[in-house]
Amino acid sequence: MKNILKYTFALLAIGFVSCEPEFDSPVTDDGFYTSGTANLSKYVSVGNSLTAGYADGALYITGQKNSYPNIMAQQFAFAGGGEFYQPLMNDNIGGLLLGGAQIAENRLVLAVDANGNPGPVRLEGTPTTDVSNKLSGSFNNMGVPGAKSFHLVAPGYGNVAGVPTGAANPYFARFASSESATVIGDAAAQNPTFFSLWIGNNDILSYATSGGVGVDQTGNLDPSTYGSNDITDPNVFASVYSQMVDALTAGGAKGVLINIPEVTSIPFFTTVPFAPLSPLNPDFGPQIPALNAQYALLNQAFAYLGVPERSIQFSMSGPSAVVVQDESLVDISAQLTQVLIGGGLDVPTATIFGLQYGQARQATSSDLLVLTSSSVIGTLNSDRLAQLIAMGVPQEQAAQLSVNGITYPMQDQWVLIPAEQQSISTAAASYNATIETLAGAKGLAFVDARAALARVANGGIAYDGGVLTSQFVTGGAFSLDGVHPTPRGYAYTANLIIRAINETYDATIPTVHIGNYATVTLANN
Amino acid sequence: MKKLILLAVFALASAVTYAGGYRVSLQGNKSLAMGHTGVAVINSSELVFFNPAGLVYLEDKFNVTAGMHGVFSNIAYQDAETGANARTDSPMGTPLYFYASYKATDWLAFGLGVYTPYGSSVEYEDDWAGSHLVNNIDLQAIYIQPTVSFKINDKLSFGGGPIYVTGSVNFNRNLNRTLTDLEGNRANVTIDASGVSSWGWVASAMFNPTDNLHIGATYRSEIILDAEDGDADFENVPNSPLTPFADTTFNASLPMPAEMTVGMSYDFCESWTVAFDFNRTFWNVYNSLDIDFKAEDIPDSKNARNYKNSSIYRFGVQYDATKMFTLRAGYYFDESPVREGYFAPETPRNDSNNFTAGLTVNIGEHLQIDASFLYSHFKEVDASYNYYFENGVAVPFSGTYKTNAFVPGLGLTYKL
């Protein structure tokens, strides 16, 4: 009896110990996934807002957790990857404070208005991330929102004292190792065994999102003279880029370089149509005959001056293009004024018309209206109204001449005209040539993000729950700022990079199901 | 003796027992030890469950037996494509049973049984890869069954009775693969209903062609538990008219399928008995798990199951070793009712091989201690559930599953 009990309990004990079901080859076993010739134990990511996990016009915790480097690091963990630390924000509101004053806006969320229409709005609430609260320690994710290529090598870019003047970056100021530190220096100092570098987007993007108000600085080799919305000279880019790659590979690290997508792949430039004016709009349709009568006078003058292509006319039957200011056109203000006076218009009115329409034309399908123009088109431009009243124009006439895109041409910041698009794509092509060449020369993995995002924009990417497209709000790839990806977009990016690493380094790092990652966040304030 | 037990033990170690779907075949320590055979075994009041007709052939006037099992079941999941992996941390299940029989006359016996033939308790880590299908589930059904048993003669008897069932269900899953509140917490729903009751019946017959050979058949009816006005509790839902998931109530039906058993047992060499049982479980009643939320603006949850009828083949042997000890061992093969493409993680059951053993210790004339052990072995299986939809698009959830269960049990029998 005693013995039987003994054996019975011995058996039970064996059963309890070996009770966990074991796979023939568990994914958690060392060697199930491999890093090939790469060593993923210390991964450092370097870049801008895309690398930081910025989305919905802000940086916030859940966005950072879904940054492509963090997604990659979680997958790297299956193949020898180590811990991955990010300079997490303090909340999910987004926005930044500096000494208690708000210096960056809260995140956007998708809210439903009183009429049941969904649209992006700023989340209400007071941010709690103060730039002056310095984080301690070093961070694997060195993505700094707003950074251009040359910023990453600029000493003092993380000096909190430089933030108010724009000389330093508030996001880097939170975790820079010292007031004089550089982003690339802090990255290299961590002795990464593996790195990713995705930089250069902002070298063209801020020019693009500002509608090309900046200057194409091609030929100017001194970035300290650049404005924030300028295009970086390709030689400056090439020089700092290769400097960064050298710094990151100095310790023998392997890595991956990612190129710059076309701005036309992102909904910020593809959402607002060039011809958004519908005759069915009760605020616009009934005005068309009067507007066309007024423009008829101007069109005769355009014809007389040999520029009939600048004629402006609104359709009664279909959508019409907005009127835009095209600073690449020859300014014919003076001639226009003279011709209008000759046609019998009073001098003050002719002068104003001349000035207002001297570089005006209707938009074409080649123009890109920025996302933020959607809330401006068809509204009264109060600045212009005040100007005209100051010039002595009667209030009623001044108001008629101040309707954005209808009587008052959409100004430079709202539209990317073909000449501006050309500047952008020329610079981007040059940056991309630099990136691909360096990847080849250094034996680094290379990701053609430009081609990948073009696929998202043209037809989309099928996944296990639908198709990922760059359609604003509904496409799933882009967050509510129209520029930065959603978590799903970042997951797609992470997969692209992982595949490139696997190919280059003979690794077998697993990818993720992008359908498991969220798109836009719903919330009503 | 010592040798024999060890052999039995090691034979068992390579076997497993557990039933397909959410059937929990643990209705008695004596029977379980013999591969959960018993439709034609006359050895205890466990017959209340296995074959009420046999009660009238029990030797003793009064029999009562009660016991429990501790179910330690484990599910491991992994997806080699993404590296996603999970292990359940399910609480120990404790199915109970109580049977009593009273032989009123030579030809008439009464019985009462309380047992738990259906149930499930599975707990994954919240927000695991399949959390849009299930985070955790706890399903219980208690059967209460009075029976009557009468014999026509020494060769033929009949038995049966009504069954009252009371059940409860608690089920939590995430609303989909991605929805969260502003802080990133996954939106989820818990449905909870208890005290759900229904009625069914059991009927059986036993035929003894010779003194040593017994043949039995039992049919237990299908019982459908209709949960009405259960609580549906939605959590972490974003504040948006686009996600109108406010707490509400729900209706749902969960079938306890009918089960037919036929089998035989044969006594030989004085102290040996062998038994074979065949179960047919009519799972095809479990077509879809539909949760009908009362709030109009909350879409109902339809979860295709499409189970098929399944069979279980059982074999058991009993050896009256000494006056004090009776030893038992058994094996059964349990076919899964789950069709290909319907492999849902709340009951990830593929075919299983099940190995059992146990013993009874006679303490005096009236009291017995019954012990049993069951090990259920499931082969590693690559499977998927293909009927989860997002925006009308089917999103299969696939991966590799490896499941096992081991179930020690202990019971007491008292007879007069």
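Rules used in this analysis
Residues numbered from 1 in each chain as written. Chains lettered and ligands numbered in written order. Predicted model: local features only at pLDDT ≥ 70, side-chain atom pairs only at ≥ 80, totals over all residues. Heavy atoms only, no water. Contact = heavy atoms within 4.5 Å. Buried area = accessible area lost by both parts, 1.4 Å probe. Salt bridge = Lys/Arg side-chain N within 4 Å of Asp/Glu carboxyl O. Polar contact = N/O pair within 3.5 Å; in protein donor to acceptor, adjacent residues only side chain to side chain. Helix = DSSP H or I, 4+ residues; strand = E, 2+ residues; numbered from the N terminus. Nonpolar A, V, L, I, M, F, W, Y, C, P; charged D, E, K, R; others polar. Domains from an automatic or database assignment. Buried < 20%, exposed > 50% of the residue type's maximum accessible area, 1.4 Å probe, protein only. Pairing = 2+ DSSP bridges. 1 Å grid on protein atoms, 1.4 Å probe; cavity = no way out; pocket = protein on both sides within 12 Å on 5 of 7 lines; lining within 4 Å. Points joined across faces, edges and corners; volume = space filled by probe spheres on them. Phe/Tyr/Trp six-rings, centres within 6.5 Å; stacked < 30°, edge-to-face > 60°. pLDDT = per-residue confidence, 0-100.

Student: Is there a simple way to explain the interface of chain B and chain A in this structure?
Tutor: You'll often see interface size given as the accessible area lost when the parts meet. Counting residues at the interface gives 46 residues for chain B and 47 residues for chain A. Carbon and sulfur atoms make up 64% of the surface buried where chain B meets chain A, a total of about 3,900 Å² over both sides. Taken together, the links from chain B to chain A amount to three salt bridges. Measuring nitrogen to oxygen at the nearest pair gives 3.6 Å for the salt bridge that ties Arg87 of chain B to Glu22 of chain A. On the surface where chain B and chain A come into contact, there are 14 residue pairs in polar contact (both at pLDDT 80 or more). At the level of elements, helix H1 (2–13), strand E2 (72–78), strand E3 (85–87), strand E18 (352–363), strand E22 (393–394) and strand E23 (397–415) of chain B are the ones that each hand at least two residues to the side of chain B that touches chain A. Per-element tally for the side of chain B that touches chain A: the top contributor is E23 of chain B, with seven residues. Here the side of chain B that touches chain A is built from residues that sort into 24 nonpolar, 13 polar and nine charged.

Student: Even after reading the chapter, I still don't get the domain arrangement of chain A, so can you show me in this structure?
Tutor: Residue and element names in this part refer to chain A. Domain assignment breaks chain A into domain 1 (43–268 + 418–516) and domain 2 (285–362 + 368–416). The centre of domain 1, based on its C-alpha atoms, is set 39 Å off from the matching centre of domain 2. Of the residues lining the interface, 18 residues belong to domain 1; the matching set on domain 2 comes to 12 residues. Summed over the three residues of domain 1 that lose the most area to domain 2, namely Phe268, Glu420 and Gln421, the buried surface amounts to 42% of that side. Our count for the domain 1 to domain 2 interface comes out at zero salt bridges. Counting every contact that joins domain 1 to domain 2 gives two residue pairs in polar contact (both at pLDDT 80 or more). Taken together, the elements giving at least two residues each to the side of domain 1 that touches domain 2 come down to helix H7 (201–209), helix H9 (267–270) and helix H15 (418–442). Taken together, the residues that form the side of domain 1 that touches domain 2 break down as nine nonpolar, seven polar and two charged.

Student: What am I meant to see in the pairing of strand E8 (residues 254–258) of chain A here?
Tutor: Consecutive side chains along a regular strand alternate between the two faces of the sheet. Residues and elements named next belong to chain A. Counting buried positions over the five residues of E8 gives four, a clear majority of the element. Across four bridges, strand E7 (residues 194–198) lies against E8 in parallel orientation. Of the residues in E8, the one forming a bridge with Phe195 is Gly255. Here E8 pairs with strand E13 (residues 445–447) via three bridges, running parallel. In the strand pairing of E13, Val256 is matched with Ala445.

Student: In this structure, what is going on with the pattern of salt bridges? I would like to understand it.
Tutor: For the structure on display, the rule yields 15 salt bridges over all chains. Taking the shortest distance from any N to any O, the salt bridge between Arg177 of chain B and Asp464 of chain A comes out at 3.0 Å. Of this pair, Arg177 of chain B sits in the loop between strand E7 (156–174) and strand E8 (188–207) while Asp464 of chain A sits in the loop between strand E14 (461–463) and strand E15 (466–468), which puts the two residues in different chains. Exposure remark for Arg177 of chain B: the relative accessible area of 4% places this residue in the buried category. In this structure Asp464 of chain A comes out as partly exposed when scored by relative accessible area, which is 24%. In this structure, a network of salt bridges that share partners links the residues Glu20 and Glu22 of chain A together with Arg87 of chain B.

Student: Is there a simple way to think about empty space enclosed by the protein in this case?
Tutor: The gaps of empty space that remain are located by a probe, the size of a water molecule, rolled over the atoms. Across all of its chains, the model carries 10 cavities of 30 Å³ or more by this definition. Lining the largest cavity are 27 residues, and of these Leu50, Pro261, Ile266, Leu453 and Val483 of chain A sit closest to its centre. When residues of the lining of the largest cavity are traced back to their parent elements, those giving at least two are helix H2 (49–52), H7, helix H16 (449–457) and helix H17 (487–505) of chain A. Taken as a whole, the second largest cavity encloses approximately 240 Å³ of empty space. Put simply, the parts of the chain that give the lining of the second largest cavity at least two residues each are strand E6 (136–151), E7, E8, strand E10 (223–235), strand E11 (248–256) and strand E14 (288–293) of chain B. Here the residues of the lining of the second largest cavity sort into 16 nonpolar, five polar and one charged.

Student: Is there a simple way to explain helix H12 (residues 347–357) of chain A in this structure?
Tutor: Owing to its 3.6 residues per turn, the α-helix aligns residues three or four sequence positions apart on the same side. Among the residues of H12 of chain A, Thr349, Ala350, Ile352, Phe353, Gly354, Gln356 and Tyr357 of chain A are the ones counted as buried. Against helix H10 (288–304), strand E9 (323–325), helix H11 (333–342), strand E10 (360–362), helix H13 (382–390) and helix H14 (395–400) of chain A lie the buried residues of H12 of chain A.

Student: Would you mind going over the side chain of Ser44 of chain B with me for this structure?
Tutor: Residue and element names in this part refer to chain B. Tracing the chain through its elements places Ser44 in the loop between helix H2 (29–33) and helix H3 (47–50). Judged by its relative accessible area of 2%, Ser44 is buried. Here the side chain of Ser44 touches Glu46 through a polar contact of 3.0 Å, landing on its backbone nitrogen. Here Ser44 is in contact with Lys30 and Leu58, once residues within four sequence places are set aside.

Student: Explain the packing of aromatic side chains to me, please; I cannot follow it from the model alone.
Tutor: A ring pair, where both rings are aromatic, is described by two values, the distance of the centres and the angle of the planes. Residues and elements named next belong to chain B. Tallied over the full model, the rule gives 54 aromatic pairs over all chains. Aromatic pair Tyr118 and Trp283: ring centres 6.1 Å apart, planes at 90°, arrangement edge-to-face. One end of the pair, Tyr118, is in strand E5 (residues 108–123); the other, Trp283, is in the loop between strand E13 (272–281) and E14, with 165 residues separating them in the sequence. This pair shows no difference in class: Tyr118 is buried, exactly as Trp283 is.

Student: Any chance you could explain the confidence of the model for chain B here in plain terms?
Tutor: Summary statistics for chain B give a mean pLDDT of 91 and a share of 95% for residues scoring 70 or more. pLDDT under 50 marks residues 1–19 of chain B. Its contacts with residues more than four places away, or in other chains, come to 61 contacts.

Student: Could you clarify how one ought to interpret the environment of Thr426 of chain A in this entry?
Tutor: Residue and element names in this part refer to chain A. For Thr426, the location among the structural elements is in helix H15. For Thr426, a relative accessible area of 46% corresponds to the partly exposed category. Spatially, the C-alpha atom of Thr426 lies 28 Å from that of Gly405, the residues being 21 residues apart in sequence. A polar atom in the side chain of Thr426 sits 2.8 Å from the backbone oxygen of Gln422.

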